Structure formats: C-alpha cells, structure tokens
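Chain by chain, the residues:
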Amino acid sequence: MIFGRSERGKPPVEPVTLKILVAGGFGVGKTTLVDAVSEIRPLRTEEFLTEAGRPIDDTRGVEGKNTTTVAMDFGRITLREDLVLYLFGTPGQERFWFMWDELSEGALGAVVLADTRRLEDCFAAVDYFERRSIPFLVGVNCFEGSARYPADDIKRALDLDEDVPVVLCDARDRESVKEVLIGVVQHAMAYAADRRQAVAT
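Residues numbered from 1 in each chain as written. Predicted model: local features only at pLDDT ≥ 70, side-chain atom pairs only at ≥ 80, totals over all residues. Heavy atoms only, no water.

Novice: Honestly, the packing of aromatic side chains in this entry has me stumped. Any pointers?
Specialist: Any two aromatic rings considered together are summarised by their centre-to-centre distance and by the angle between their planes. Within the structure shown, the criterion is met by six aromatic pairs. Look at Trp100 and Tyr128: their rings are 5.2 Å apart centre to centre, the planes differ by 85 degrees, and that puts the pair in the edge-to-face class. Taken together, the positions of Trp100 in helix 2 (residues 99-104) and Tyr128 in helix 3 (residues 123-131) put the pair 28 residues apart, joining distant regions of the chain. Ring centres of Tyr128 and Phe129 lie 5.4 Å apart, and the angle between their planes is 90 degrees; on these two criteria the pair is classed as edge-to-face. Taken together through their ring pairs, the aromatic side chains of Trp100, Tyr128, Phe129 and Phe136 make up a single cluster. Taking the ring centre of Phe88 as reference, the NZ or CZ of Lys19 above it sits at 4.8 Å. The ring of Phe143 is capped by Arg117, whose NZ or CZ atom sits 4.5 Å from the centre of that ring. (Phe/Tyr/Trp six-rings, centres within 6.5 Å; stacked < 30°, edge-to-face > 60°. Helix = DSSP H or I, 4+ residues; strand = E, 2+ residues; numbered from the N terminus. Lys NZ or Arg CZ within 6 Å of the ring centre and 35° of its normal.)

Shown next, in the form of structure tokens:
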C-alpha cells in the first residue's frame with residue numbers, strides 16, 4: 001500500500017497517529033535522528049551558535065557543532081500502513097526547556113538520547129519524563145571514538161527503573177532509529193497496560 005491509498009478492492013486504512021518526543025542534551029544527535037528516519041523533509045528550527053552563547057553552550061565533545069535547535073525538530077515515519085509516528089525533537093539547552101511542556105502534550109512516549117562521553121547531559125530529560133509519568137526509552141547514540149558500555153551499566157549510571165529500556169543505536173542510521181522507535185511504542189503500550197491493570201485492581 002502507498003500511504004493514503006488502498007490496494008484494489010480493499011477499504012482504505014485510517015492510520016493511528018502517535019506522538020513521540022526525542023529529548024536529550026545539547027549536541028547528542030536529536031536533529032540527526034529525526035533527519036535519518038523522517039519520510040518527509042523535516043521541519044527544523046535551528047540557529048547558528050554565536051559568540052554570546054559560548055559561555056552557556058557547552059560544546060566539549062561536540063566542538064564541530066555550529067547550530068542548535070531553538071524550538072523543535074519535526075518529522076514523520078510510517079511504521080505500518082495503520083501506524084504513523086510524529087516525531088518532535090526537543091531543544092537541548094536549559095534556556096529553551098520551557099518548550100518541553102508544550103511539546104510533551106499528548107505524547108505517547110519519548111526517546112532520551114544519550115552520549116556516554118557526557119552522560120550527565122541527559123539527566124534533565126530522564127527526570128522530566130519520570131516526574132510526568134511519560135514512558136521513555138534511553139537510546140545510547142554510539143559516536144565514533146566513544147567508549148561502549150553494557151546497557152545494564154548505563155541503566156545503573158542513570159539510576160533508571162528496572163523496566164526502562166536502554167538500547168544502543170546510531171542516530172545516523174535509518175534502520176537503527178526505526179528499531180529505537182519500535183521499542184518506544186512497545187514500551188509505552190506495556191506501560192499503559194500495566195497502569196490500567198493497577199487501576200483495575
């Protein structure tokens with residue numbers, strides 16, 4: 001099936017649309033992840049880094065970065081003919097965090113993208129989603145030259161609940177990102193089912 005059309009003789013399928021956030025620290029690869037997987041030209045709100053921002057934009061480990069997201073990145077991916085994900089990349093710097101409340105409205109779940117060279121940069125995103133009971137998965141973006149750690153070690157370093165998935169990924173690779181997004185949807189569905197069961201009992 002081509003998106004928006006049905007096979008001959010079959011009624012058109014009305015896809016379910018789900019909203020997924022992509023969060024994490026400055027320069028961790030959120031814009032790259034959305035770009036890699038979006039089937040439409042992503043909407044970006046990037047601005048060039050300036051000299052005035054150097055004292056507050058920590059570029060250690062990402063010295064080659066010269067732009068930053070100031071509102072959001074937006075993309076779309078069709079996982080199945082009946083399932084479409086809308087991706088919203090959040091800004092990473094603290095001065096733009098006020099955008100997070102609006103972007104998180106109606107979100108099914110989130111990807112917290114992490115860089116093992118600057119793991120502390122994703123603490124704010126982890127804390128944000130935990131406080132608001134938004135299910136999330138931690139995707140460790142495996143940058144070239146960065147140390148590789150087992151998922152359990154990263155889970156302990158971030159003090160995550162046992163049920164929070166941690167997966168290694170490459171934010172530049174479409175198939176790798178798709179696996180991360182499928183993992184988020186599965187985790188969010190399991191999380192919702194557990195909450196319904198808890199309420200019922």
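That covers the picture; the talk isn't over yet.
Novice: What is the right way to read unusual backbone geometry from this model?
Specialist: The bulk of non-glycine residues show a negative phi, and the bulk of peptide bonds are trans. Even without a glycine there, the phi angle at Ser133 is positive, about 55 degrees. Locating Ser133 in the fold gives a position in the loop between helix 3 and strand 7 (136-141). On the basis of relative accessibility, which here comes to 32%, the residue Ser133 falls in the partly exposed class. Its identity is not glycine, yet Asp159 carries a phi of approximately 55 degrees, on the positive side. As for its placement among the helices and strands, Asp159 is situated in the loop between helix 4 (151-157) and strand 8 (166-169). (Buried < 20%, exposed > 50% of the residue type's maximum accessible area, 1.4 Å probe, protein only.)

Novice: What's the story with empty space enclosed by the protein in this structure? I'm lost.
Specialist: Where empty space is left in the structure can be found by rolling a water-sized probe over the atoms. One pass over the full model with this rule turns up one cavity of 30 Å³ or more. Class assignment for the residues of the lining of the largest cavity results in four nonpolar, three polar and one charged. (1 Å grid on protein atoms, 1.4 Å probe; cavity = no way out; pocket = protein on both sides within 12 Å on 5 of 7 lines; lining within 4 Å. Points joined across faces, edges and corners; volume = space filled by probe spheres on them. Nonpolar A, V, L, I, M, F, W, Y, C, P; charged D, E, K, R; others polar.)

Novice: Help me out: how do you make sense of the pattern of salt bridges in this one?
Specialist: Pairing of side chains with opposite charge becomes possible as their charged atoms draw close. Inspection of the entire model under this criterion finds 10 salt bridges. A salt bridge links Arg76 to Glu39, with the nearest nitrogen and oxygen atoms 2.9 Å apart. Here Arg76 is found in strand 4 (residues 73-80), whereas its partner Glu39 is found in the loop between helix 1 (30-37) and strand 2 (46-48), with 37 residues between them in sequence. Of the residues examined, Glu39 reaches a relative accessible area of 36% and is grouped as partly exposed. Measuring nitrogen to oxygen at the nearest pair gives 2.8 Å for the salt bridge that ties Asp127 to Arg131. Here Asp127 and its partner Arg131 are both found in helix 3, four residues apart, which amounts to about one turn of the helix. Given the relative accessible area of 33%, Asp127 is considered partly exposed. Sharing partners across several salt bridges, the network here consists of Asp115, Arg117, Arg118 and Asp121. (Salt bridge = Lys/Arg side-chain N within 4 Å of Asp/Glu carboxyl O.)

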